[in-house]
Amino acid sequence: MRASFSSSKLFPAGVLVHGIELDTPSEATLLAFDGIGIPASLEKAVLKRRVDFAAGRFAARAAMRACVPEVAELAIPLGADRAPIWPRGVTGSIAHTAGFAVAAVARTDAASAIGIDVERWMRAGASDRVADHITHGDELDTLVRASEWGENEALTLVFSAKESVYKCLYPEVQRWFGFHDARVEAIDEEAGAFVVRLLVPLTPSLPAGLRLHGRFERRPEVLMTGMARPHAHTGT
Ligand SMILES: CC(C)(COP(=O)(O)OP(=O)(O)OC[C@H]1O[C@@H](n2cnc3c(N)ncnc32)[C@H](O)[C@@H]1OP(=O)(O)O)[C@@H](O)C(=O)NCCC(=O)NCCS
């Protein structure tokens, strides 16, 4: 582990973020995540997957220590659908990309669900290869025209924002939904915020046309995005 960092830009107060920068995966890297058990289903996975898993859980435990210390040492099992299973009264989200792992955690009275994502900035030419999978119609062109963002930067944002949306809404939707089921409509550089519109109905309380708000934070090597659903009773 090279360094750790936090972020106060991605979520409202009450949601704790912990990020770590990782060395090249090795058995020694794995040992650094002391106390994080690798589940039986991942024991035969490649080293990078085991390191990613342990690093994500390590980041989540650090965020839980700051936010819900009474349950911070509990394991966060991996669900059959791959979603993490948080202790009662806690919600959170985990993401990793080459060299980074991040987690966001909150009490469920602060947020009912959270999605976080981290992506390395896409390089020149990436948009030709993956844009059609991630964006639909004039989505990318519209964002590039309306912002200062170049095509690869905007595509990184769209990809990451949609992964955050997926992780945030999954507990409610309980099924897979794709990149073409939502559209990133706007990027507000000054506020570090983005708007996503659902293009299909996902549940009765997530109808087509619903606009969801998320935030982003630029770092030199990566872009982080986050989205939180308000607590059901407060609507805040
Ligand atoms: C599930 C998905 C979001 C995970 O992305 P990924 O490429 O593995 O990479 P990330 O590092 O960002 O995220 C991995 C973490 O997401 C979490 N995750 C996986 N499935 C999840 C789910 N259904 N709900 C919430 N979180 C989930 C896990 O914590 C996982 O890490 P872990 O296995 O170490 O616990 C992605 O692969 C996917 O299937 N996306 C579906 C399509 C989509 O994004 N649609 C957009 C709709 S707008």
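See the structure shown above.
Residues numbered from 1 in each chain as written. Predicted model: local features only at pLDDT ≥ 70, side-chain atom pairs only at ≥ 80, totals over all residues. Heavy atoms only, no water.

A. Molecular detail of the overall build of the chain. Looking only at helices and strands, the chain has 5 helices and 9 strands in total. The linear arrangement of helices and strands in the chain, starting from the amino end, is β-β-α-α-β-β-β-α-α-α-β-β-β-β. Radius of gyration (C-alpha) of the chain: 17 Å, near the 18 Å computed for a compact globule of 236 residues. Across its three principal axes, the chain shows a C-alpha extent of roughly 45 × 45 × 30 Å. Counting the 236 residues in the chain, one finds 49% classified as buried. Sequence separation of 24 or more characterises 55% of the internal contacts of the chain that already satisfy a separation of 6 or more. Accessible surface, the chain: about 11500 Å² in total, of which carbon and sulfur atoms supply 53%. (Helix = DSSP H or I, 4+ residues; strand = E, 2+ residues; numbered from the N terminus. Rg over C-alpha atoms; globule rule 2.2 N^0.38 Å. Buried < 20%, exposed > 50% of the residue type's maximum accessible area, 1.4 Å probe, protein only. Contact = heavy atoms within 4.5 Å. Areas by Shrake-Rupley, 256 points an atom, 1.4 Å probe, with all protein chains shown as cover.)

B. Seen up close, the packing of helix 3 (residues 126-134) against helix 5 (residues 151-173). At a minimum axis separation of 10 Å, helix 3 and helix 5 run at an interaxial angle of 35°. Handedness of the crossing formed by helix 3 with helix 5: left-handed. For the pair helix 3 and helix 5, contact is made by Ala 126, Ser 127, Val 130, Ala 131 and Ile 134 and by Glu 151, Asn 152, Leu 155, Val 158, Phe 159 and Lys 162, respectively. Looking at the contact of helix 3 with helix 5 residue by residue, the classes come out as 7 nonpolar, 2 polar and 2 charged. (Axes fitted to C-alpha atoms, helices over the stretch in contact; angles between N-to-C directions. Left-handed = near helix turned anticlockwise from the far one by under 90°. Nonpolar A, V, L, I, M, F, W, Y, C, P; charged D, E, K, R; others polar.)

C. Representation of the side chain of Arg 57 in the model. Topologically, Arg 57 is positioned in helix 2 (residues 47-67). The buried charged residue Arg 57 lacks any salt bridge, with Asp 81 as its nearest oppositely charged partner at 9.2 Å. Arg 57 has contacts with Ile 36, Ile 76, Pro 77, Leu 78, Pro 84 and Ile 94, leaving out every residue within four places of it along the chain. (Lys, Arg positive; Asp, Glu negative; His and termini not counted. Salt bridge = Lys/Arg side-chain N within 4 Å of Asp/Glu carboxyl O.)

D. Spotlight on the nonpolar core. Counting 32 residues, the largest nonpolar core has Trp 149, Leu 157 and Leu 169 as its most contacted members. Looking at this core, the elements with two or more residues in it are helix 3, helix 4 (139-146), helix 5, strand 6 (182-188), strand 7 (193-198), strand 8 (211-218) and strand 9 (222-229). In contact with Leu 169, not counting residues within four places along its chain, are Phe 177, Leu 198, Leu 202, Leu 206, Leu 212 and Arg 229. (Core = buried A, V, L, I, M, F, W, Y, C linked by side-chain atoms within 4.5 Å.)

E. Main features of the sheet that holds strand 5 (residues 113-120). With antiparallel pairing, 5 strands are arranged side by side in an open sheet as 5-9-8-7-6. Across the chains shown, the open sheet's two edge strands, defined by having one partner strand only, are strand 5 and strand 6. Strand after strand, the sheet turns through a mean of 25° between neighbouring axes, direction not considered. The sheet contact formed by strand 8 and strand 9 spans 4 bridges and is antiparallel. (Pairing = 2+ DSSP bridges.)

F. Spotlight on the pairing of strand 8. Of the strand pairs in this sheet, strand 7 and strand 8 are connected by 5 bridges, and their pairing is antiparallel. Across the sheet, the residue bridging to Ala 193 is Arg 215, located in strand 8. Hairpin remark: strand 8 followed by strand 9, antiparallel, with 3 residues in the connecting loop.

G. Summary view of unusual backbone geometry. Positioned with a positive phi, Arg 82 is a non-glycine residue whose angle comes to about 80°. Tracing the backbone shows Arg 82 in the loop between helix 2 and strand 3 (90-97). In this structure Arg 82 comes out as exposed when scored by relative accessible area, which is 61%. Here Gln 174, not a glycine, exhibits a phi torsion of approximately 60°, which is positive. Tracing the sequence through the fold places Gln 174 in the loop between helix 5 and strand 6.

H. Seen up close, the packing of aromatic side chains. Applying the stated criterion across every chain, the model contains 7 aromatic pairs. For the ring pair Phe 5 and Phe 100, a centre distance of 6.3 Å and an interplane angle of 65° mean the geometry is edge-to-face. Taken as a pair, Phe 5 in strand 1 (residues 3-5) and Phe 100 in strand 4 (residues 100-107) lie far apart in primary sequence, 95 residues in all. Overall, the relative accessible area of 11% leaves Phe 5 in the buried class. Classification of Phe 100 by relative accessible area gives buried; the value is 1%. (Phe/Tyr/Trp six-rings, centres within 6.5 Å; stacked < 30°, edge-to-face > 60°.)

I. Seen up close, the sheet that holds strand 3. One open sheet holds the 4 strands; their spatial order is 1-2-4-3, and the pairing between them is antiparallel. A single partner strand is all that each edge strand has here, and the edge strands are strand 1 and strand 3. Strand-to-strand twist across the sheet, computed as the mean angle between neighbouring axes with direction ignored, equals 15°. Pairing analysis gives 3 bridges linking strand 1 to strand 2 (residues 15-21), with the strands arranged antiparallel. Note on strand 2: the bridge partner recorded for Ser 4 is Ile 20. Helix 2 rests against strand 2, strand 3 and strand 4 of the sheet, and its axis sits at about 35° to strand 4.

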